[in-house]
Amino acid sequence: MGFNEHWIRLMMLCVKTMTYFILVNREPKRRIPLTRGIRQGDPLSPFLFILCTEGLNGLINQAAQQGHIKGYSLCRNSSRLTRLLFADESVLFCKATIEECQRVLDILEVYGRCSGQQINQSKTTIFFSKSTSDDTRNQIKLALGAPEIIYIWEPQESSFSSHAWHSILKGRDVLLKGERWRGGCEEAISISNDAWLPSLEHPRVLSDMELGFEDGRVSDLINPFTRTWNLNLVHGLLSLDEAALVLSIPLSRTPMKDNIIWPFTPSGKYTDLQQATQALAIFQLSQQPLIQPTVISRPQPHAQWSPPPSNCLKLNFDGAVFPELGKAGLGVVVHDCQGNVIASLSEQVPLQFSPDIVESMAAARAMTFAKGLGLAEFILEGDSEASLSSFGHLLESAKSTLVTSKCITFSRVCRTGNKVVYNLARHTRHVRGLSLWVEDVSPHLFDVLFADPS
């Protein structure tokens, strides 16, 4: 791995000259020299383990990049998994072919020569997918000299499985129960078979599909020209509650890739099994009668709005929700480096299923507003405390239309520094559709604008 010889000698001295003492009545007794190196609980042990496995990790990465090992894809459009490395065992994934299995053996042979570690044949086993033929299984088992045990992603567990495998099986069940589809082009998502509705309790469509729509895709419910929901189809195929959930899903302005997300984290990405278990516990509690919690609002730290640098513009955005009206509002204000208003807008839109989506829609609307104004470089600033990455497809779609933009910088300001655009978003409560002002804002905001420090 390229370590200096002097550094290697120092490390081996730590390994070979290690001694321990046993405390009796808090006093160390006879020295015990170790003949087999440091023990597993030694503070140096995990660092040496990481250094050694990094060599194996690098060999596997190189083979995957060169296309010698294909790995395993958990689902469509997901990244491929080539290995899982644990403290006492490793799991390698490859296609069920003699060629790829031989590549795996070559990698392990090179790693063994360099590290001194060898494969324990008595503890080596093979997993096959259901689609692997018996002839292929027998050829691979003969080539690798290892027995077969049950395929890991099957519901059954094997008596040969270790604690790590049992943990993976449990984690698989949690992931399958919690994962959700987030549409981009919606062609990969089944209307009736996939979990895609924005509801923790009922993410799947329960309505019986009409004749001809049994295998329908979510893309069938969307007008491809306007990128809006086909109201006649949505209301005709789904129940009132399901239709309301569907219409609360914002559609990106351009088709994006469909993705599977984890709905229990702000980023939409799965983090660990403990968090997944906690999220499922919340889901189970949601099935029981709820007691309305007391909400305590925390005061926001005071922050002043500041103008952008010279030769740059700042677009402040914000969203507002009006649940009683079933509507939401978007507001955008463009300032120059002297604090002058270049343009502003407010727009009323249908209420979405989450306030965070409204913030993402406001950010995306600011970008499309910038495109309409022909802006090439600007700062995008909002006051949302929540991560907008869960709905990043809206932002990426809007950003993809900015073919002339050279630089977009994202910034966050507290609500006290975002008062003008906040009031613009609230203004849509009383005004339908879109309102635009050039070198101005709505007259009712003059006092707020002139009081806003710049």
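Residues numbered from 1 in each chain as written. Predicted model: local features only at pLDDT ≥ 70, side-chain atom pairs only at ≥ 80, totals over all residues. Heavy atoms only, no water.

1. What to know about the overall build of the protein
- Across its full length, the protein holds twelve helices and 18 strands.
- Taking all 454 residues of the protein together, 38% fall into the buried category.
- Sequence-distant contacts, at least 24 apart, represent 64% of the contacts inside the protein between residues at least 6 apart. (Helix = DSSP H or I, 4+ residues; strand = E, 2+ residues; numbered from the N terminus. Buried < 20%, exposed > 50% of the residue type's maximum accessible area, 1.4 Å probe, protein only. Contact = heavy atoms within 4.5 Å.)

2. Details of helix α9 (residues 355-373)
- Spanning 19 residues, α9 covers 27 Å between terminal C-alpha atoms, matching the ideal 27 Å at 1.5 Å per step.
- The buried count for α9 comes to 14 of 19 residues, which makes it a mostly enclosed element.
- Residue G374 follows α9 closely and has a positive phi angle near 75°. (Expected span 1.5 Å × (residues − 1).)

3. Some thoughts on the confidence of the model for the protein
- The predicted model of the protein has a mean per-residue pLDDT of 75, with 74% of residues at 70 or higher.
- Of the regions scoring below 50 in pLDDT, residues 150-156 engages in 22 contacts with residues more than four places distant in sequence or in other chains.
- Here residues 289-302 is a poorly scored stretch, pLDDT under 50, and it has eight contacts once near neighbours within four places are set aside; other chains count. (pLDDT = per-residue confidence, 0-100.)

4. Quick notes on the pairing of strand β18 (residues 434-438)
- Of the two faces of β18, the one holding S435 and W437 is buried and the one holding L434, L436 and V438 is not buried anywhere.
- With five bridges connecting them, strand β15 (residues 341-350) and β18 associate as antiparallel partners. Paired with E347 across the strands is L434, a residue of β18. (Pairing = 2+ DSSP bridges.)

5. Regarding the environment of H235
- Mapped onto the elements, H235 comes out in helix α6 (residues 231-237).
- Given the relative accessible area of 45%, H235 is considered partly exposed.
- For H235 and V246, which are eleven residues apart along the polypeptide, the C-alpha to C-alpha distance reads 9.7 Å.
- Here H235 is in contact with A243 and L247, once residues within four sequence places are set aside.

6. Comments concerning the pairing of β15
- Counted residue by residue, β15 has eight buried out of ten residues, so it is predominantly covered.
- Sheet topology places strand β14 (residues 327-335) next to β15; nine bridges connect them, and they run antiparallel. Bridge pairing links L330 to E347 in β15.

7. A word on a nonpolar patch on the surface
- Together, F3, W7, I8 and M12 make up an exposed nonpolar region whose accessible area comes to about 320 Å².
- Judged by its relative accessible area of 38%, M12 is partly exposed. (Patch = residues over 30% accessible without salt bridge, like charges linked within 9 Å, V, L, I, M, F, W, Y side chains within 5 Å. Areas by Shrake-Rupley, 256 points an atom, 1.4 Å probe, with all protein chains shown as cover. Salt bridge = Lys/Arg side-chain N within 4 Å of Asp/Glu carboxyl O.)

8. A short note on the packing of helix α2 (residues 45-65) against helix α3 (residues 98-115)
- Direction vectors running N to C along α2 and α3 enclose 150°, while the axes themselves pass 10 Å from each other. In this view, α2 runs roughly antiparallel relative to α3, as classed from their interaxial angle. Here α2 runs over α3; the crossing is right-handed. Where α2 abuts α3, its residues C52, T53, G55, L56, L59, I60 and A63 lie against I107, L108, V110 and Y111.
- A class-by-class count of the residues in the contact of α2 with α3 yields nine nonpolar, two polar and no charged. (Axes fitted to C-alpha atoms, helices over the stretch in contact; angles between N-to-C directions. Parallel < 35°, antiparallel > 145°, perpendicular 65-115°, else oblique. Left-handed = near helix turned anticlockwise from the far one by under 90°. Nonpolar A, V, L, I, M, F, W, Y, C, P; charged D, E, K, R; others polar.)

9. Focus: the nonpolar core
- Grouped together as the largest cluster of nonpolar side chains are 26 residues, with contacts concentrated most on L315, F317, V332, L375, F378 and L380.
- Sorting elements by how many residues they give to this core places α9 first, with ten residues.
- In this structure, L315 is in contact with V332, V333, V334, A366, A370, L375, F378, I379, L380 and E381, ignoring residues within four places of it in sequence.
- Ranked by size, the runner-up nonpolar core spans 19 residues in total, among them L197, L238, V246 and L251. (Core = buried A, V, L, I, M, F, W, Y, C linked by side-chain atoms within 4.5 Å.)

10. Looking at the pattern of salt bridges
- Across all of its chains, the model carries four salt bridges by this definition.
- The salt bridge involving E381 is made with K314; its shortest N-O contact spans 3.2 Å. Residue E381 is located in strand β16 (residues 377-382), and its partner K314 is located in strand β13 (residues 313-322); the two are separated by 67 residues in the primary sequence. The exposure classification of E381 matches that of K314, with both residues buried.
- The partner of E324 in a salt bridge is R429, and the shortest N-O contact between them spans 2.5 Å. Of the two residues, E324 sits in the loop between β13 and β14 while R429 sits in the loop between α11 (419-427) and β18, which places them 105 residues apart along the sequence.
- A relative accessible area of 52% places E324 in the exposed class.
- R429 sits in the partly exposed class, given a relative accessible area of 31%.

11. Observations regarding unusual backbone geometry
- Here the phi dihedral of N25 falls at roughly 55°; this positive angle occurs in a residue that is not glycine.
- If you check the backbone angles, N311 has positive phi at about 60° while not being a glycine.
- Within the secondary structure, N311 sits in the loop between α8 (273-285) and β13.
- Exposure remark for N311: the relative accessible area of 74% places this residue in the exposed category.

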